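Report on the structure
Chain by chain, the residues run as shown.
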Amino acid sequence: MQERTRELNKWLSAQKCQATVEALKRNNFKASYLATGAEAAEYILREAADAQSIGFGGSLSVADLKLTQPLLDAGKELLNHGVAGLTPEQKKTVMRRQQSCDLFLTGTNAVTTGGSLVNIDGVGNRVSAMIYGPEKIIVLAGRNKVVEGDIGEALQRIHNESAPPNARRLDKKTPCAQSGFCCDCDSPERICRVITVIERKPSASDIHVLVVNEDMGL
Ligand code: SF4
C-alpha cells in the first residue's frame, strides 16, 4: 500500500475511533482514544497499580498486549482460565473468582459508533463480568471492532468476522470452525449462546473503554 494511502486510512480510522469515544462518554463510560496498543498497555498497567487480583476474559486483544509478565513482576494475582493444564473444575473456580476481582480485562466483539458494547458469549463469564462484579473493568477495542451502524450490524460483524475464527481458535467442533461461515448451528459446541448489548454504563460499575487505532483481536 502506498504511504499516502496508509496515512489517509489511519486518519479515517482515527476519526471513527475518536467519534466512538465521544459517543461512549455520552453513554457514561470512561472512554479514551489511544493511537497504539503500546499506549493501551501503559494505560492498563497504570490502572492495575492499586489492584491485587486481575481477571482475564479470554480476549486475544488483551493477550496481544503481553501484560502477564509485567503484572506478575508487580506481584499481582492473575485469574486466567485460559492457562494450559487447568482441570474443568479449576477453570470454573477461576471464572467465578473473575466475577469479583479488583480489575477485569476484556475485549469486546463490537463497539458501535453510537457507543454501545455488543458481545456474544458461550459460557457467559466474560459478559457477566463486563456488566457487574469486578471493582474496575477495562474493555479494549481495536479499530476493527468499531461498527458504523446499529446493533444488528454489530451482531452481523460478530457472526461473520469474529465467531467463526474464534470457534476455530478454541478448537470447537462447529460448522463455522471449518467453513468460516456462520450457519446458526445447533452444534453442542456452539459458542454463540448469550448476546449482550451494554447501551450505557451500568450504574454501579466502573467501566473504562479504550478505543485503539490499530487492529486488535478478532
Ligand atoms: S452460531 Fe454456530 S455456526 Fe454460527 S458462528 Fe456461532 S458457533 Fe459458529
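Because the structure is predicted, anything quoted here is derived from the model rather than measured.

1. Some words on the sheet that holds strand 10 (residues 207-212)
Judged by pairing direction, the sheet is parallel, and its six strands sit side by side in the order 1-10-7-4-2-3 without closing on themselves. With partners counted over all chains shown, the strands left at the sheet margins are strand 1 (30-34) and strand 3 (77-80), one partner each. Within this sheet the neighbouring strands show an average axis-to-axis angle of 20 degrees, counted without direction. Helix 1 (residues 3-26) contacts strand 1 and strand 10 of the sheet and is inclined by roughly 170 degrees relative to strand 1.

2. Some details on the pairing of strand 2 (residues 53-56)
Both strand 2 and strand 3 contribute to a ladder of four bridges, which runs parallel. Directly across from Phe56, in strand 3, lies its bridge partner Asn80. Summarising the sheet, strand 2 and strand 4 (residues 103-107) pair through three bridges and their orientation is parallel. What sits directly across from Ile54, in strand 4, is Leu103.

3. Section: helix 7 (residues 151-169)
A rise of 1.5 Å per residue sets the reference length of helix 7, with its 19 residues, at 27 Å; its end C-alpha atoms lie 25 Å apart and thus fit the reference within 8%. When we look at burial in helix 7, the residues that qualify are Ala154, Arg157, Ile158, Ser162, Ala163, Pro164, Asn166 and Ala167. Here the buried face of helix 7 lies against strand 5 (110-112), strand 6 (117-121), strand 8 (146-147) and helix 8 (175-179). Asp171 occupies a position one or two residues after helix 7 and carries a positive phi of about 60 degrees.

4. Things to note about the site of the ligand
Around the ligand lies a shell of 15 residues, among which Ala163, Cys176, Cys182, Cys185 and Cys192 are the nearest. When contributions to the shell around the ligand are tallied by element, the ones reaching two or more residues are helix 7 and helix 8. No other element matches the four residues that helix 7 contributes to the shell around the ligand. Broken down by class, the residue content of the shell around the ligand amounts to 10 nonpolar, three polar and two charged.

5. A short note on helix 1
Working note: α-helix, 3.6 residues per turn, so residues spaced by three or four point in the same direction. Taking 1.5 Å per residue, 24 residues should reach 34 Å; helix 1 reaches 35 Å between its end C-alpha atoms and fits that length. Among all positions of helix 1, only Cys17, Thr20, Val21 and Leu24 are buried. Among the residues trailing helix 1, Asn28 stands out with phi positive, at a value near 75 degrees.

What counts, and where the lines are drawn
Residues numbered from 1 in each chain as written. Predicted model: local features only at pLDDT ≥ 70, side-chain atom pairs only at ≥ 80, totals over all residues. Pairing = 2+ DSSP bridges. Helix = DSSP H or I, 4+ residues; strand = E, 2+ residues; numbered from the N terminus. Axes fitted to C-alpha atoms, helices over the stretch in contact; angles between N-to-C directions. Contact = placed C-beta atoms within 7 Å. Expected span 1.5 Å × (residues − 1). Buried ≥ 20, exposed ≤ 12 C-beta atoms within 10 Å, placed from the backbone. Near = placed C-beta within 6 Å. Nonpolar A, V, L, I, M, F, W, Y, C, P; charged D, E, K, R; others polar.

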